[in-house]
Amino acid sequence: MESKKRSGKKILIRAGIALLVVLILYFALVNFLVSAALVPSFMEKLEAFERITEESYAAQVQTSDIKGNRQLAWNETKKWLEKAERRKISRETEDGYQLVAEEFPAEEESHNWVLLLHGYTGWKEEMYPFAYWYHEQGFHVVAPDLRCQGESQGDFIGMGWTDHFDCMLWVDYILEQDQEAQIVLHGQSMGAATALMMTGEKNLPANVRAVVSDSAYTDAYAMFHEKIKEWFHLPAFFLVDSACLVLKIRGGYDLKDASAIRAVKKSQIPILFIHGDSDAMISVQMSRELYEAADCPKELLIVEGAGHGQTQEKDPELYYGKIQWFLNKSLAKSD
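Residues numbered from 1 in each chain as written. Predicted model: local features only at pLDDT ≥ 70, side-chain atom pairs only at ≥ 80, totals over all residues. Heavy atoms only, no water.

**Q** Describe the overall build of the protein, with residues and values.
**A** A tally of helices and strands in the protein yields 13 helices and eight strands. Taken over C-alpha atoms, the radius of gyration comes to 22 Å for the protein, in line with the 20 Å a tight globule of 335 residues would show. Oriented by its inertia axes, the alpha-carbon framework of the protein measures out at about 95 × 45 × 40 Å. Total accessible area on the protein is roughly 16,000 Å²; 54% of this is exposed by carbon and sulfur atoms. Here the protein carries 35 positive and 49 negative side-chain charges, and the mean point of each set is 12 Å from the other. (Helix = DSSP H or I, 4+ residues; strand = E, 2+ residues; numbered from the N terminus. Rg over C-alpha atoms; globule rule 2.2 N^0.38 Å. Areas by Shrake-Rupley, 256 points an atom, 1.4 Å probe, with all protein chains shown as cover. Lys, Arg positive; Asp, Glu negative; His and termini not counted. Charge placed at Lys NZ, Arg CZ, Asp CG, Glu CD.)

This is the structure:
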């Protein structure tokens, strides 16, 4: 009898040890995935930036019109950059990170400003073709590198959550230069989600008059559910919730916090939602859901045949024409 008890205890101990080992290995895996998806320095070691870039490019629409319009836009942008006045500016976050942006002052006196926000694993230079267009319309342009991307410092990519707090610093900077500023937030992908999250903040200055949301996701939690299997060939079940816990401990925020759809339900700022109907990275349905949820003046533009972040390349005339019309209407109403 005594030997059976001892045998039973040994089995329980072994089972407990085995369970502990499994849990340790599981959370090591989750910790690895969090770093592989959100820590640029770790991503570089894994060559994850290159892999994600290659996979993203492969998923894009590669028609001749898109390629041609992209090349034309960059050629014009490069010519503009050769002569444009520009200066590098910086701000420090509450947690001690230095953020960097490029400012392009308007050539003539203007109260119109635009804050251009790039996407996941991106950098400010990607937004320069947009900067060129806005500058031609008489806007002052501020194009920042979001936290821990490009020249900006940081620990974890914020998926719009930490970024939407950081970007308040750029809004403050603009108001320091011009108290009468009319500010447009124009973001692409994660940058669009960032801009939308800003609209849900009670302390957002009234000077922010309009938002252009290009290829945004509804929330980071839902997007990672879709991408875990695609990027890492692993089931999302349990993994994303575990990642939320690890990220909360390590990075101080929860993926569930990064919700653009929750923010737009509280927004009073006019929003133009834009998305390509052939987007393989972020479903066009997400912009439709954001549009339906938004409790503010709103417009929706779906561009046929455009992939992720390609709407301006698929049909530049339609894209910029719609933005021009939207801003004329939104800024005029705000005067």
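Next comes the rest of the account.
**Q** Kindly report on the sheet that holds strand S2 (residues 98-104), identifying the contributing residues and their values.
**A** Each strand in a sheet pairs with another by means of backbone hydrogen bonds, the pair being arranged parallel or else antiparallel. A sheet is described by the order of its strands in space; here eight strands give the open sequence S1-S2-S4-S3-S5-S6-S7-S8, paired in mixed fashion. Looking at which strands have only one partner, the edges of the open sheet turn out to be strand S1 (87-92) and strand S8 (298-303). Strand-to-strand, the axes of this sheet are offset by a mean angle of 20 degrees, without reference to chain direction. Two elements, strand S7 (residues 271-276) and S8, share six bridges in a ladder whose sense is parallel. Residue pairing in the sheet places Gly 276 in a bridge with Val 303 of S8. (Pairing = 2+ DSSP bridges. Axes fitted to C-alpha atoms, helices over the stretch in contact; angles between N-to-C directions.)

**Q** Which residues make up the nonpolar core, and what values go with them?
**A** Of all hydrophobic cores here, the largest spans 68 residues; its most connected members are Leu 38 and Met 159. Those residues in contact with Leu 38 that lie beyond four places of it in its chain are Met 43, Asp 155, Phe 156, Ile 157, Met 159, Phe 224, Leu 247 and Tyr 253. Membership of the second largest hydrophobic core comes to 29 residues, among which are Phe 130, Val 184, Leu 272 and Leu 301. (Core = buried A, V, L, I, M, F, W, Y, C linked by side-chain atoms within 4.5 Å. Buried < 20%, exposed > 50% of the residue type's maximum accessible area, 1.4 Å probe, protein only. Contact = heavy atoms within 4.5 Å.)

**Q** Please provide a residue-by-residue account of helix H4 (residues 64-83), values included.
**A** Compared with an ideal rise of 1.5 Å per residue, which puts 20 residues at 28 Å, H4 spans 30 Å between its outermost C-alpha atoms and is within 8% of the ideal. Buried within H4 are the following residues: Ile 66, Thr 77, Trp 80 and Leu 81. Down the axis of H4, the buried set is contained in an arc of 95 degrees. They therefore lie on one face. Every exposed residue of H4 that faces more than 90 degrees away from the buried side is listed here: Ser 64, Lys 79, Glu 82 and Lys 83. Where the residues of H4 are buried, they touch S2, helix H5 (128-136) and helix H12 (311-314). (Expected span 1.5 Å × (residues − 1). Arc of directions from axis to C-beta.)

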